[in-house]
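Observations on the three-dimensional arrangement
Each chain, letter by letter, is given below.
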Protein chains: 2
Amino acid sequence: MIWCSGWKLASAVSNAGGLGLIGAGSMHPEVLEEHIRKCRQATDKPFGVNLPLIYPEVDKLIQLIISHGVKIVFTSAGNPAKYTSMLHDHGIRVAHVVANTKSAVKCEQAGVDAIVAEGFEAGGHNGKEETTTMVLIPMVREVTGLPLIAAGGIGSGRAMLAAMALGAEGVQIGSLFAAAEESSAHPEFKKKIIETMDGDTFLSLKKVMPVRLIRNNFFQNIHELEERGAGEDELKEILGRGRAKLGMFEGDLEEGELEIGQVSAMIREIKPASTIIRELITDYNNALSSLYPIS
Amino acid sequence: MIWCSGWKLASAVSNAGGLGLIGAGSMHPEVLEEHIRKCRQATDKPFGVNLPLIYPEVDKLIQLIISHGVKIVFTSAGNPAKYTSMLHDHGIRVAHVVANTKSAVKCEQAGVDAIVAEGFEAGGHNGKEETTTMVLIPMVREVTGLPLIAAGGIGSGRAMLAAMALGAEGVQIGSLFAAAEESSAHPEFKKKIIETMDGDTFLSLKKVMPVRLIRNNFFQNIHELEERGAGEDELKEILGRGRAKLGMFEGDLEEGELEIGQVSAMIREIKPASTIIRELITDYNNALSSLYPIS
């Protein structure tokens, strides 16, 4: 949710009954500080910060989170053992994102409070195992008793219900909110999400760090290099820096990185976060009432 | 289900309350004839035949299916318009397998009776879009009113329930039955399925025809060629012929093609088909009773 989930979106989600997360992966410390402050002004509900642990300024960001009294942190892309006890010492609840059962077991050992298990269909950075949400959730459910949050492919109340059937207690939703009115994504990127059809996103850059992207000129260049057998260095050079910002925040739909999940194919309208949440719940309850036992 | 689903497995599944399918994709006409005859002797319940339409002897097989009075055919990997009306003329119900919404719409236009929508996590041949079951089922549900059967990742009653929550009316289960007692897969292949962990299967041969395989020596050779940028011709040459038979039927675990779904990571025991079905139903009902509406 980098470049999408700032204080506007996070507070809107929390005000509508969800748990809004500020995506700190694209933020320098002073920017995160501003977002935390504004988020607190915009909601009196709990909200959290999502923090990829491979981010270079992670130590500074964690100090900020602690000093500003944020009480919930979602960590990803790194070792959950490194920061969990420090965050716990400050009364902060920690959820860590995983893509396989081994990492889920490590999370439990590290003492995290909840696990987010994210499938192959999710947008942005993704696991090397390519395990889908349908397969990942029941497997993670088997290895841990921790609260389990399903991510990847949750684009409707039906999918939310499916995640619960698979054994999750909650869901983490990215793509739907990336296209929300309150998302800080560039309007052109939001328009592009609306236009995306099935088969329009692919997991790319597997040799560098797998990331799900919309097919555009940048994707195609990377894809052709990969097909030709380019190595990690050559790919990193083409990738360069700031591609995600260029695409998602500045709206360059051809040369930027457009991170979004497969469910983008089901998103057809830009809506307020509160409408998204209300529709998810209605759809969830309708789907539940259509299920019946097998005798 | 080539090399796995012969008359023994199909009749066992039908006798246990499922719809058993004979996988004709690996059968010459005289072999299919024998399997249909034996299946009819082993069950008085309905059973069907699964037929990949790209199979070279498909016309002969269809004539056999008609002349032997089989009443249900699942077709895949080809144009559903080609044979559906011919099969209908003989009172045969047709389900066609798709991996995207466009093909689902084509199925409806072709007049098929049901659609199987199969996600990226499924074993064996797979769609180019890489859309997962979690995302594919709600999308296909939106474009068709036909009976919808979910496939890919259905390895437990939980997943079966999830598929229904997503909008399916039924599920097609491969991997669990490939490892069943009555499966004609080689015992060594079944043992390998039991040992498979998450991250052990990958979609391979994308330039030729995408197929999900267990990582073994054969997979590794293909993978290295792909990483080096090998073209379709070079890949086809290494692939050669009979790799699937070699792996799954003859039990060469290193040089053969081992087709199985991601859910193989959840399979830990070789069981009779009737036990598998009984456990699926118990697990489905238990999962359903744990769900509750959101108020």
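Since we're looking at a predicted model, the values are computed, not measured.

Counting its secondary structure elements, chain A contains 13 helices and 10 strands. A compact globule built from 295 residues would reach a C-alpha radius of gyration of about 19 Å, and chain A, at 18 Å, matches this within 12%. If one aligns the C-alpha atoms of chain A with their principal axes, the spans along those axes are about 55 × 50 × 35 Å. Here chain A holds 295 residues, and 55% of them are scored as buried. Within chain A, contacts between residues separated by at least 24 positions form 63% of all contacts whose residues are at least 6 apart in sequence.

All names here are of chain A. Taken in spatial order, the 3 strands make up an open sheet running β6-β10-β9, and their pairing is antiparallel. Strands with a single pairing partner mark the edges of an open sheet, and in this sheet they are β6 (124–125) and β9 (201–204). Inspection of the sheet shows β6 paired to strand β10 (residues 211–214) by 2 bridges, in the antiparallel sense. Bridging from a neighbouring strand, His125 pairs with Val211 of β10.

With that out of the way, let us pick up the sheet that holds strand β5 (residues 114–118) of chain B. Hydrogen bonds between backbone groups are what pair the strands of a sheet, and the pairing can be parallel or antiparallel. Residues and elements named next belong to chain B. An order of β1-β2-β3-β4-β5-β7-β8 is seen for the 7 strands of this open sheet, with the pairing classed as parallel. Each having just a single partner strand, β1 (20–23) and β8 (170–172) make up the two edges of the open sheet. The mean angle between the axes of side-by-side strands here comes to 30 degrees, regardless of whether they run parallel or antiparallel. Summarising the sheet, strand β4 (residues 93–98) and β5 pair through 4 bridges and their orientation is parallel.

What follows concerns the interface of chain A and chain B. Each side of the interface is counted separately: chain A has 43 residues, and chain B has 43 residues. Mapped by element, the contributors of at least two residues to the side of chain A that touches chain B are α6 (133–143), α7 (157–165) and α13 (273–289) of chain A. Among the elements that make up the side of chain A that touches chain B, the one with the highest residue count is α7 of chain A (6 residues). A per-class count over the side of chain A that touches chain B returns 22 nonpolar, 14 polar and 7 charged.

As a further point, take the packing of helix α1 (residues 7–15) of chain A against helix α2 (residues 29–42) of chain A. Residue and element names in this part refer to chain A. Contact geometry for α1 and α2: axes closest at 9 Å, N-to-C directions at 30 degrees. Seen along the crossing, α1 lies across α2 with a hand that is right-handed. Note on element contacts: α2 touches α1 through His35, Lys38, Cys39 and Ala42, opposite Trp7, Ala10 and Ser11. Across the contact of α1 with α2, the residue classes tally to 4 nonpolar, 2 polar and 1 charged.

So, on to the domain arrangement of chain A. Note on interface size: it is often stated as the accessible area lost on association of the parts. Residue and element names in this part refer to chain A. According to the domain assignment, chain A consists of domain 1 (7–184 + 266–285) and domain 2 (196–263). On a C-alpha basis, the centroid separation for the pair domain 1 and domain 2 is 23 Å. Contacts between the two partners involve 17 residues from domain 1 and, on the opposite side, 11 residues from domain 2. Looking at the side of domain 1 that touches domain 2, the elements that each hand over two or more residues are β6 and α8 (175–178).

What counts as what
Residues numbered from 1 in each chain as written. Chains lettered and ligands numbered in written order. Predicted model: local features only at pLDDT ≥ 70, side-chain atom pairs only at ≥ 80, totals over all residues. Helix = DSSP H or I, 4+ residues; strand = E, 2+ residues; numbered from the N terminus. Rg over C-alpha atoms; globule rule 2.2 N^0.38 Å. Buried ≥ 20, exposed ≤ 12 C-beta atoms within 10 Å, placed from the backbone. Contact = placed C-beta atoms within 7 Å. Pairing = 2+ DSSP bridges. Axes fitted to C-alpha atoms, helices over the stretch in contact; angles between N-to-C directions. Nonpolar A, V, L, I, M, F, W, Y, C, P; charged D, E, K, R; others polar. Left-handed = near helix turned anticlockwise from the far one by under 90°. Domains from an automatic or database assignment.

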